Amino acid sequence: MDEGETGDGSDNRMVTGVRAQRRALRADPATVAVDVFVFAMKVFLAFFALWAVVGTIVLQVQGEGLGADSWRDVVVGGLATGSIYGLIALGYSMVYGILGFINFAHGEVFMTGAFSGYLMAGALFASGMWEANFPLAFVIVLIGAALTSMIVAITIEKVAYRRLRGAPRLIPLITSIGVSFFLQYAVLGLFGGNIKSYPQLPVGLRERVNVLGFQVEGSKLVVIFVAAVSVVALWWFVSKSKSGRAIRAVAEDREIAGLMGIDVNRTIVKTFAVGGAMAGVAGIMWALLFRNIFFHTGFLPGIKAFTAAVLGGIGNLPGAMLGGLTLGMFEAAGPTMMASLRWAIPTWVAHTIGAAALAGAVRGFLRFRQGHVRDTGSAVGWMLVGSLFALLAFTQLPGFQVVIPGTSQLKDMIAFLVLIGVLMARPAGLLGERLALEERG
C-alpha cells in the first residue's frame, strides 16, 4: 500500500466518522443534550468548588478569614454532626444492602429514640439522678433510646415490610414514606407540636475541655466518642459474630443463604434491630448537641443521613460512616467557603482559565472529528462548554466576585450540592456500592 492509498483511507475513515457523529446527533439529540447538560454541570460545580477553596486559602493568608479557634470549632462541629449522620446512615445502608429498598421511615426511628430519651431524661432529672450521677443517667437514657428505636424498627419490619418482599420496589418505598408520616403524626398526637427540651447538661459538658492542647466542647467530645465506640461495636458485630456473618450472607444472596441453613427472616429482623439501635444512639447524640426535639426532628437529619449513605456508597457500611463525616464537614465548613467567593478573581487567573477552556474546546472538536459515536455527547460538551467558558473567562471573570449574604443559612443547600457533585463524578459513591447479587443484575 503506497502513501497515496493510506491518505485516501484516512480521509474515508474521517468522513465516515463525521457522518457517524452527524447520524448520532440526528438519531438521539435528547441523549446528546443530556450528556452536554451533565458535562456543563460538572464543569460549573468544579469551577465554583475550586474558586471557594482557593478563595478561602487566599483570604486566610491575607488575614481576612476565620481565626484558628474558629476553624477548630468548625472541624469539631463538623465531626460531631457528621458522626450523627453516619450513625443514622448505617441503618439506611444495612436495610438497602439486605432488602434493596430505601427505608424512608428510618429518620422517624431516629426521632422516636430521641423522644424516648427525652422522657427518661425528664424522669431522671426529676429524681435528681440527672445532676447527682450524670454518667449513669446518661447510660440509662442511651440504652433506653437504643432499645426503643430497635423495637420500633422491628415492628415496622414485621407489620409493614415483611408482606411486601418480592413486590415491585416502588411498593415498599411508598409504604416506607407512609410509615414515616404515620410515626410523625403519632408522636404529634402523643406529645403535641411544641418543641421539647432536654434537661440542662452538667457544667462539664457545656464547657470546653483540653484535648491534646485543643479546647473542645465537652458535649461534642462525648458525641464523637460515643459514635466511634458504636461504629467499632457494629464493625465487630458484622465482622466477627455469627449473626453478623449471617447478615452478610443474606445481603450477598438471600436465596443461597437460605439454602445454607440461615434463617433469612430472623436475619432481616436482626438487621432492622441493629440499624434501629444505631438510630436510637444517634437520637441521644442529637439531643446532646441541640437539646430540642419535636415531631419533625427526624425528617431533615433522616434525609441528610440518606444523602450520606448514597455519598459513601449505598450498602457499604464504612462508606455510610465516611459519607456522614464528609457531609458533616462540608455542612460546617461550606458556609465559610461559600462566603469566600467574595475573593475577586485576578486577571491572570481568569485568562489562564480562559486558555484552558479554549484548549478544552479544541480537544472536543478533535474528538468530534475522530468520529467515535459513543463520545458524541462528551465531545460536543467540551466544544460548547469550553467555548462558553473561554468567552466568559476573557470578558467577565477578571475581577469577578460574588457576595452572598447569610451563607450560614445555606448549609443544607451546600450539603445537597456536595451530594450532586460527588455523584456526578463518582455515581457509585466514595467507597462504591455493595449490593445483593440480584441487585447487581
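First, a word on scope: everything that follows refers to the structure included in this document. (Residues numbered from 1 in each chain as written. Predicted model: local features only at pLDDT ≥ 70, side-chain atom pairs only at ≥ 80, totals over all residues. Heavy atoms only, no water.)

**A closer look at the overall build of the chain**
No. 1: Assigned secondary structure in the chain consists of 18 helices and 4 strands.
No. 2: When burial is assessed residue by residue, the chain has 44% of its 441 residues classed as buried.
No. 3: Of the contacts made within the chain by residues no fewer than 6 positions apart, 79% connect residues no fewer than 24 positions apart.
No. 4: Looking at charge distribution, the chain has the averaged site of its 34 positive side-chain charges lying 6 Å from that of its 25 negative ones. (Helix = DSSP H or I, 4+ residues; strand = E, 2+ residues; numbered from the N terminus. Buried < 20%, exposed > 50% of the residue type's maximum accessible area, 1.4 Å probe, protein only. Contact = heavy atoms within 4.5 Å. Lys, Arg positive; Asp, Glu negative; His and termini not counted. Charge placed at Lys NZ, Arg CZ, Asp CG, Glu CD.)

**Points about the environment of S116**
No. 1: Here S116 is to be found in helix α4 (residues 106–127).
No. 2: Taking the C-alpha atoms as reference, S116 lies 9.6 Å from L142; in sequence the two are 26 residues apart.
No. 3: Beyond its immediate sequence surroundings of up to four residues, S116 is in contact with G144, A145 and T148.
No. 4: Within the local environment of S116, its side chain forms a polar contact with the backbone oxygen of G113, the two atoms lying 2.8 Å apart. (Polar contact = N/O pair within 3.5 Å; in protein donor to acceptor, adjacent residues only side chain to side chain.)

**Some details on the packing of helix α10 (residues 242–252) against helix α12 (residues 264–290)**
The description of two packed helices rests on the angle between their axes and on the distance between the axes.
No. 1: At a minimum axis separation of 9 Å, α10 and α12 run at an interaxial angle of 105°. Between α10 and α12, the interaxial angle falls into the category roughly perpendicular. Along the contact surface, α10 presents S243, A246, I247 and V250, while α12 presents V264, T267, K270 and T271.
No. 2: Here the residues of the contact of α10 with α12 sort into 4 nonpolar, 3 polar and 1 charged. (Axes fitted to C-alpha atoms, helices over the stretch in contact; angles between N-to-C directions. Parallel < 35°, antiparallel > 145°, perpendicular 65-115°, else oblique. Nonpolar A, V, L, I, M, F, W, Y, C, P; charged D, E, K, R; others polar.)

**Description of the pattern of salt bridges**
No. 1: In the structure shown here, the tally under the stated rule is 8 salt bridges.
No. 2: Across the pair K220 and E217 runs a salt bridge whose closest N-O atoms are separated by 3.5 Å.
No. 3: Given the relative accessible area of 25%, E217 is considered partly exposed.
No. 4: Linking D412 and K304 is a salt bridge whose minimum nitrogen-to-oxygen distance equals 2.4 Å. A residue pair is termed long-range when its members are at least 10 positions apart, and D412 in helix α17 (residues 411–425) and K304 in helix α13 (residues 299–312) qualify at 108 residues.
No. 5: The class of D412 is partly exposed, set by a relative accessible area of 27%.
No. 6: One salt-bridge network, held together by shared partners, links D69, R72, D73 and R208. (Salt bridge = Lys/Arg side-chain N within 4 Å of Asp/Glu carboxyl O.)

**Remarks on the packing of aromatic side chains**
No. 1: Tallying each qualifying case throughout the model produces 20 aromatic pairs.
No. 2: Where F47 meets F48, the ring centres are 5.3 Å apart and the plane angle is 70°; that geometry is what we call edge-to-face.
No. 3: By relative accessible area, which is 13% here, F47 ends up buried.
No. 4: Among the residues examined, F48 registers a relative accessible area of 35% and is labelled partly exposed. (Phe/Tyr/Trp six-rings, centres within 6.5 Å; stacked < 30°, edge-to-face > 60°.)

**What about helix α2 (residues 29–61)?**
No. 1: Taking 1.5 Å of rise per residue, 33 residues should cover 48 Å, and α2 covers 48 Å from first to last C-alpha, within 8% of that figure.
No. 2: Taken together, the buried positions of α2 are occupied by V32, V36, F39, A40, F47, W51, A52, G55, T56 and L59.
No. 3: Looking at the residues trailing α2, positive phi occurs at G63, about 80°. (Expected span 1.5 Å × (residues − 1).)

**Examining the pairing of strand β2 (residues 208–211)**
No. 1: Of the pairings in the sheet, the one linking β2 to strand β3 (residues 214–217) comprises 4 bridges and is antiparallel in character. The residue of β3 that forms the bridge with V209 is V216.
No. 2: Here β2 folds back onto β3, and the loop between the two strands holds 2 residues, one of which, L212, carries a positive phi near 55°. (Pairing = 2+ DSSP bridges.)

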